Amino acid sequence: RVMMAATVDKTAGMSKMLQFMKLVGQLKRVPRTGWVYRSVKQPESVSDHMYRMAIMSLTITDPTVDRDRCIKLALIHDMAECIVGDIAPSDNISKAEKHRREEEAMKHLTSLLPQGLKQEIYALWEEYENQSSAEARLVKQFDQLEMILQAHEYEELEGTPGRLQEFFDSTTGRFQHPDVLQLVSSLNEERECHMTNADDTRQSGKPETADGASEQDHTTSRTS
């Protein structure tokens, strides 16, 4: 009887774990709302966003922060969005209401997990929400950095330098970590260079193509 009960418990546990995996899998199909509202073609998913944040966490060299904890925070911080969706500031939902919805979603998600894992994941989510550790504050900066890096990439893909400037403006004063500041500086330099090149192209009167180069330049390269 004890063995049968253990088997039943294990089966039930795996069934709940499967539900959990299916729910978090929805993150691959939840588009980032900010890009949808700006009519970006094929906008990234929440899962895409969190993946690169996890990579940023993996590559951090600061010995004063727990890199593994940063990776976990990056992978968990938006997990609730598999249920509530990506709530953007322009949705006119208060921070308190957004937090309430996400808290409810996280309680449901973690209820599907074994006790120890349940406590760990929920505590990590709370840590990020409350910005209660150096790791959580660093990962919040990665969140903002990943956003503007993605904005820059969309501008490149569209051949529309500067179109998503509002995302850059929203991060003013948000970066403090030296490594993050260096990455932001490098990103801004590259972006400014692309914007200057685009201005030069417009002033020269050459029609611009989607990748930012002029049609005349393309013709020259094809015939050379």
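Let me sum up the structure you'll find in this document. All figures in this text were calculated on a predicted structure; none of them were measured in a lab.

Rules of the game
- Residues numbered from 1 in each chain as written.
- Predicted model: local features only at pLDDT ≥ 70, side-chain atom pairs only at ≥ 80, totals over all residues.
- Heavy atoms only, no water.
- Helix = DSSP H or I, 4+ residues; strand = E, 2+ residues; numbered from the N terminus.
- Buried < 20%, exposed > 50% of the residue type's maximum accessible area, 1.4 Å probe, protein only.
- Contact = heavy atoms within 4.5 Å.
- Areas by Shrake-Rupley, 256 points an atom, 1.4 Å probe, with all protein chains shown as cover.
- 1 Å grid on protein atoms, 1.4 Å probe; cavity = no way out; pocket = protein on both sides within 12 Å on 5 of 7 lines; lining within 4 Å.
- Points joined across faces, edges and corners; volume = space filled by probe spheres on them.
- Nonpolar A, V, L, I, M, F, W, Y, C, P; charged D, E, K, R; others polar.
- Salt bridge = Lys/Arg side-chain N within 4 Å of Asp/Glu carboxyl O.
- Expected span 1.5 Å × (residues − 1).
- Axes fitted to C-alpha atoms, helices over the stretch in contact; angles between N-to-C directions.
- Parallel < 35°, antiparallel > 145°, perpendicular 65-115°, else oblique.
- Lys, Arg positive; Asp, Glu negative; His and termini not counted.
- Polar contact = N/O pair within 3.5 Å; in protein donor to acceptor, adjacent residues only side chain to side chain.

Below, the discussion takes up the overall build of the protein. The helix and strand inventory of the protein stands at 11 helices and zero strands. Start at the N end of the protein and walk to the C end: the helices and strands fall as α-α-α-α-α-α-α-α-α-α-α. Across the 224 residues that make up the protein, the buried fraction comes to 38%. Taking as baseline every contact in the protein between residues at least 6 positions apart, the subset at least 24 positions apart corresponds to 64%. Split by element, the accessible area of the protein, about 13100 Å² in all, is 54% carbon and sulfur.

Turning next to the layout of surface pockets. Volume-wise, the largest pocket comes out at about 1000 Å³. As for the largest pocket, its lining consists of 31 residues, and the residues nearest its centre are Ile-87, Pro-89, Lys-98, Lys-140 and Gln-144. A per-class count over the lining of the largest pocket returns eight nonpolar, 10 polar and 13 charged. Quantified by volume, the second largest pocket comes out at close to 200 Å³. If you list the elements that add at least two residues to the lining of the second largest pocket, you get helix H1 (2-25), helix H3 (46-59) and helix H7 (115-130). Of the residues that constitute the lining of the second largest pocket, the class distribution is 11 nonpolar, one polar and no charged.

Before going further, it helps to examine unusual backbone geometry. Its identity as a non-glycine residue notwithstanding, Ser-39 has a phi of 60 degrees, on the positive side. Within the element layout of this structure, Ser-39 appears in the loop between helix H2 (33-37) and H3. Classification of Ser-39 as exposed rests on a relative accessible area of 60%. You will see that Gln-131, though not glycine, has its phi angle at about 50 degrees, which is positive. Assignment of secondary structure puts Gln-131 in the loop between H7 and helix H8 (134-158). A residue is classified by how much of its surface remains accessible, and Gln-131, at 25% relative accessible area, is partly exposed.

This part takes up the pattern of salt bridges. Applying the stated criterion across every chain, the model contains 13 salt bridges. Ionic pairing is found between Arg-32 and Glu-44, a salt bridge with its closest N-O pair at 3.3 Å. Of this pair, Arg-32 sits in the loop between H1 and H2 while Glu-44 sits in the loop between H2 and H3, and the two are 12 residues apart along the sequence. Pair check on accessibility: Arg-32 and Glu-44 agree, each one buried. Note that Glu-153 is salt-bridged to Arg-52, the shortest N-O span being 3.0 Å. Placement of the pair is Glu-153 in helix H8 and Arg-52 in helix H3, with a sequence separation of 101 residues. Arg-52 sits in the partly exposed class, given a relative accessible area of 21%. By sharing partners, the salt bridges in this structure join Glu-97, Arg-100, Arg-101 and Glu-104 into a single network.

In this section: H8. Each α-helix turn comprises 3.6 residues. Residues three or four places apart therefore point the same way. The end-to-end C-alpha distance of H8 is 36 Å, a good match for the 36 Å that 25 residues give at a rise of 1.5 Å each. Directly after H8, the chain includes Gly-159, whose backbone phi takes a positive value near 70 degrees.

Our focus in this paragraph is the packing of helix H4 (residues 67-76) against H7. Following both chains from N to C, one finds H4 and H7 inclined at 85 degrees, their axes separated by 9 Å at the closest point. Regarding the angle of H4 to H7, the classification is roughly perpendicular. Contacts between H4 and H7 involve Arg-69, Lys-72, Leu-73 and Ile-76 from the former and Glu-120, Ile-121, Leu-124, Trp-125, Glu-127 and Tyr-128 from the latter. By residue class, the composition of the contact of H4 with H7 is six nonpolar, no polar and four charged.

The subject of this paragraph is the side chain of Asp-62. Examined against the element boundaries, Asp-62 turns out to sit in the loop between H3 and H4. Buried charge Asp-62 goes without a salt bridge, the closest partner of opposite sign being Arg-137 at 11 Å. Only 2.6 Å separates the side chain of Asp-62 from the side chain of Thr-64, close enough to count as a polar contact. Side chain to side chain, Asp-62 and His-177 meet in a polar contact 2.8 Å long.

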